[in-house]
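The lines below spell out each chain.
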Amino acid sequence: MLKLNSNRVIAAVVTAAVAIGIFFGCGLFAVNNSYADAESEGFVITDYSVDVTVTENRTYKITETIVCDFNQYKHGIYRSIPTVFKVKRADGSSSKMAAYIENFDANTFWDTDSDYDVPGNADSYFTVRLGDPDELVTGVQKYTISYDYVCSDDTLEGADEFYFNVIGSGWNTDIEHVYFNINMPKSFDSNKVGFSLGDYGNAGVSEGELLVAVNDRVISGETVNPMGPYEALTIRAELPEGYFVKNNNGNAFLWVYLLIVLLAIVSIVLCLKFGRDDKIVPVISFEPPEGYNSLDVGQMDHLDPTDDDVLSLLIYLADKGYLTIEPIPDRHGNVEKSKKFYFHKVKDYDGDNLCERVFLDGLFGGSNTVSSDDLEDSFYITVQDVAAYARGFTADLVSRKGRLPITLIILASIGLMYLPIAGSGGFSFFIATITKLTTIGFLAGIASIIVMIICWGFIQHRTKLGVELAGQARGLKEFIETAEKDRIEALIEQDSQSFYKIIPYAMVLGVSDKWIKKFKGITLERPSWYLYDNPMMEGYMIGHILSSTLNHTMSEVASAPSSDGGGGFSGGGAGGGGGGSW
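Bear in mind that the values here come from a model prediction, so they are computed numbers and not experimental data.

Observations concerning the pairing of strand S13 (residues 210–215)
- Of the strand pairs in this sheet, S13 and strand S14 (residues 218–223) are connected by six bridges, and their pairing is antiparallel. When the sheet's bridge partners are listed, Leu 210 is paired in S14 with Thr 223.

So this is what it looks like as structure tokens:
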């Protein structure tokens with residue numbers, strides 16, 4: 001018969017009790033943890049209603065109704081609203097903006113005593129206390145506040161946006177229910193309205209968490225589940241450019257802008273004095289400058305490297321035997337009209353040119369074959385890197401003597417531009433007080449500084465080496481433009497691949513079309529690096545494929561990905577802020 005050990009029985013019972021306690025304790029913790037901050041703050045918000053009327057000049061007329069349930073005696077709540085903030089979007093872009101508050105009112109005693117220590121009570125926030133400092137309250141209390149939130153113009157290029165935190169990420173307690181109603185000044189595309197709900201930085205809304213209705217120019221909605229402490233509810237609507245009118249009211253010092261315009265004239269005089277090149281004499285040549293690739297020759301001609309200059313290395317390096325190019329047939333099996341390509345690595349780079357090495361490494365990465373589709377949204381980084389390295393060669397071609405005085409003028413002008421802003425009490429107030437006349441002056445000042453910066457960029461002249469190499473580049477360009485048919489036929493007889501060798505140089509010099517047209521009706525041997533069944537091709541056709549179709553495809557690949565309209569992320573917009581009890 002089995003005998004029970006009493007010590008083991010007791011140990012088992014204790015262990016089971018502890019396990020059950022831990023199980024239910026974790027459950028209780030999970031249930032009650034979301035209310036921990038609310039208990040420590042002494043209140044929860046049972047209902048939060050936000051009504052916003054948006055005007056064409058980016059003024060948001062806001063009424064907030066906040067119903068609180070105090071479980072401890074408190075004077076009331078405080079509300080902190082941001083006035084200087086960075087708008088962050090889901091695509092990674094951001095804009096620094098400002099706002100100011102006017103016509104503030106509340107249904108209870110309120111004050112903005114800056115000596116009262118509450119979070120966010122700084123120059124970048126408008127903080128107000130709601131409640132009587134001589135009276136304590138408990139239970140359900142209702143606070144209604146109204147104010148005009150005047151935003152600065154947004155800096156989003158190509159579109160306007162309404163990006164607003166209905167509930168900011170600064171509330172340190174639970175909000176059981178939120179209702180909002182937003183009246184827009186004009187019609188808009190409801191498909192470009194998005195919401196974000198949750199912790200700061202969260203993008204989008206989980207299914208079933210938010211009910212939204214868009215009726216004509218009115219956007220309304222409400223939350224389904226309670227919001228936890230420091231969670232935000234944000235709306236972002238991408239709107240057509242010009243949806244909002246620019247702010248056009250205030251004051252400044254007109255003499256400041258006049259002085260800046262005069263400084264711009266001085267910059268132009270300095271640029272004319274120090275920015276002239278010695279005369280460039282083209283040295284006619286039917287071959288590219290020895291020892292220089294197509295990217296180098298592009299810089300010899302126009303100094304600053306462009307994306308097309310960098311992309312010309314594709315054909316240049318193919319001609320040097322590092323890769324082959326294979327057209328991908330279109331859906332009809334047509335290769336001649338193909339707009340997509342495979343690139344196959346033939347061998348590792350063994351030269352000493354940094355730009356060429358970076359280009360090939362970025363093109364293939366760790367693969368031996370890539371397609372033009374594979375390079376989308378990534379190869380543009382390589383193009384930018386190569387261009388950055390190439391500017392080291394530009395530095396040898398130019399002298400920038402004379403830039404120091406213009407640098408000082410630019411810095412002085414920027415300082416002068418700040419005077420009207422400082423005189424009006426800050427950027428947000430400057431926006432609110434600028435007049436139509438001083439708006440013209442302000443724009444003239446900005447334009448003058450832009451002129452100074454342009455002068456700063458042009459106040460350079462080619463060095464002796466720069467003039468010499470520019471002459472060689474211009475000489476090759478002149479040969480391409482003026483060469484007669486008999487001279488071209490002699491060149492082909494001397495080197496059957498000369499047509500392909502010159503194409504990348506013609507591309508960077510802007511004369512590729514002229515070079516290709518000279519070979520119309522002339523049959524050429526297909527280059528070994530272009531994988532196509534026909535061993536002989538008309539020069540005009542293959543030239544068009546390489547210089548136009550391939551270059552167009554690579555130009556699209558080299559473009560940085562564009563951002564989409566839509567939802568932004570929680571807490572990333574204007575307004576919102578937060579609050580707590582006091």
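Here the narrative resumes.
Overview of the pairing of S14
- Both strand S11 (residues 178–183) and S14 contribute to a ladder of five bridges, which runs antiparallel. Each bridged residue has a counterpart across the sheet, and for Asn 183 the counterpart in S14 is Val 218.
- Hairpin geometry of S13 and S14 is characterised by an intervening segment of two residues between the two adjacent antiparallel strands and by a positive phi of about 60° at Asp 216.

Here we look at the sheet that holds strand S17 (residues 340–345)
- Taken together, the three strands give an open sheet; going across it, the order is S16-S17-S18, and neighbouring strands pair in antiparallel fashion. The open sheet has two free edges, formed respectively by strand S16 (323–328) and strand S18 (369–371), since each of these has just one partner strand. Strand-to-strand twist in this sheet, taken as the mean axis angle between neighbours without regard to direction, amounts to 20°.
- One ladder, built from six bridges, connects S16 with S17; its direction is antiparallel. Paired with Glu 326 across the two strands is Tyr 342, which belongs to S17.
- In the packing of helix H16 (residues 539–557) onto the sheet, contacts are made with S16 and S17, and the angle to S17 comes to roughly 95°.

Digging into the packing of aromatic side chains
- For the coordinates displayed, the defined rule picks out 23 aromatic pairs.
- Measuring from centroid to centroid gives 5.8 Å for Phe 162 and Phe 164, while their planes differ by 20°, and the two rings are stacked.
- Under the relative-accessibility criterion, Phe 164 is labelled buried at 2%.
- By the ring-pair criterion, three or more aromatic residues cluster together here, those being Phe 286, Phe 479, Phe 499, Tyr 500, Trp 515, Phe 519 and Trp 529.
- Between the NZ or CZ atom of Lys 347 and the centre of the ring of Tyr 322, over which it lies, the distance is 4.9 Å.
- Taking NZ or CZ as reference, Arg 487 lies 4.4 Å from the ring centre of Phe 286, over its face.

A few points about the nonpolar core
- Of all hydrophobic cores here, the largest spans 70 residues; its most connected members are Leu 323, Ile 325, Phe 343 and Trp 515.
- Per-element accounting of this core gives the leading share, eight residues, to helix H14 (residues 498–508).
- Those residues in contact with Trp 515 that lie beyond four places of it in its chain are Phe 479, Ile 480, Leu 491, Ser 498, Phe 499, Ile 502, Ile 503 and Ala 506.
- By size, the runner-up hydrophobic cluster in this structure holds 52 residues, among which are Val 52, Phe 85, Phe 164 and Leu 197.

Some words on a nonpolar patch on the surface
- A surface patch of nonpolar side chains, about 750 Å² in accessible area, is lined by Phe 253, Trp 255, Leu 258, Leu 259, Leu 262, Ile 265, Val 269 and Leu 419.
- At six residues, helix H3 (residues 254–274) tops the list of elements feeding residues into the nonpolar patch.
- The residue Leu 258 is located in helix H3 in this model.
- Since its relative accessible area comes to 54%, Leu 258 is described here as exposed.

Overview of the sheet that holds strand S6 (residues 110–111)
- In space, the five strands of this open sheet follow the order S6-S7-S3-S23-S10, with mixed pairing throughout. Edge positions in the sheet fall to S6 and strand S10 (170–171), since each has one partner strand and no second.
- Across two bridges, the pairing between S6 and strand S7 (residues 125–131) is antiparallel. Within the sheet, the bridge partner assigned to Asp 111 lies in S7 and is Arg 129.

So, the pattern of salt bridges
- Within this structure, the stated rule accounts for 13 salt bridges.
- Its salt-bridge partner being Lys 186, residue Glu 56 comes within 3.8 Å of it at the nearest N-O pair. A residue pair is termed long-range when its members are at least 10 positions apart, and Glu 56 in the loop between strand S1 (43–54) and strand S2 (59–74) and Lys 186 in the loop between S11 and strand S12 (193–199) qualify at 130 residues.
- Relative accessible area serves as the criterion here: at 37%, Glu 56 is assigned to the partly exposed category.
- Take Lys 186: its relative accessible area is 26%, and that puts it in the partly exposed class.
- Taking the shortest distance from any N to any O, the salt bridge between Asp 148 and Lys 61 comes out at 3.3 Å. Of the two residues, Asp 148 sits in strand S8 (residues 137–151) while Lys 61 sits in strand S2, which places them 87 residues apart along the sequence.
- When its relative accessible area of 9% is taken as the criterion, Asp 148 is described as buried.

Let's talk about the packing of helix H4 (residues 294–302) against helix H8 (residues 379–397)
- For the pair H4 and H8, interaxial distance at closest approach is 10 Å and the crossing angle is 50°. Between H4 and H8, the angle falls in the class oblique. As for how H4 packs across H8, the hand of that crossing is right-handed. Within the contact between the two elements, H4 uses Leu 295, Asp 296, Gln 299 and Met 300 and H8 uses Val 386, Ala 390, Arg 391, Phe 393, Thr 394 and Leu 397.
- A class-by-class count of the residues in the contact of H4 with H8 yields six nonpolar, two polar and two charged.

About the thresholds
- Residues numbered from 1 in each chain as written.
- Predicted model: local features only at pLDDT ≥ 70, side-chain atom pairs only at ≥ 80, totals over all residues.
- Heavy atoms only, no water.
- Pairing = 2+ DSSP bridges.
- Helix = DSSP H or I, 4+ residues; strand = E, 2+ residues; numbered from the N terminus.
- Axes fitted to C-alpha atoms, helices over the stretch in contact; angles between N-to-C directions.
- Contact = heavy atoms within 4.5 Å.
- Phe/Tyr/Trp six-rings, centres within 6.5 Å; stacked < 30°, edge-to-face > 60°.
- Buried < 20%, exposed > 50% of the residue type's maximum accessible area, 1.4 Å probe, protein only.
- Lys NZ or Arg CZ within 6 Å of the ring centre and 35° of its normal.
- Core = buried A, V, L, I, M, F, W, Y, C linked by side-chain atoms within 4.5 Å.
- Patch = residues over 30% accessible without salt bridge, like charges linked within 9 Å, V, L, I, M, F, W, Y side chains within 5 Å.
- Areas by Shrake-Rupley, 256 points an atom, 1.4 Å probe, with all protein chains shown as cover.
- Salt bridge = Lys/Arg side-chain N within 4 Å of Asp/Glu carboxyl O.
- Parallel < 35°, antiparallel > 145°, perpendicular 65-115°, else oblique.
- Left-handed = near helix turned anticlockwise from the far one by under 90°.
- Nonpolar A, V, L, I, M, F, W, Y, C, P; charged D, E, K, R; others polar.

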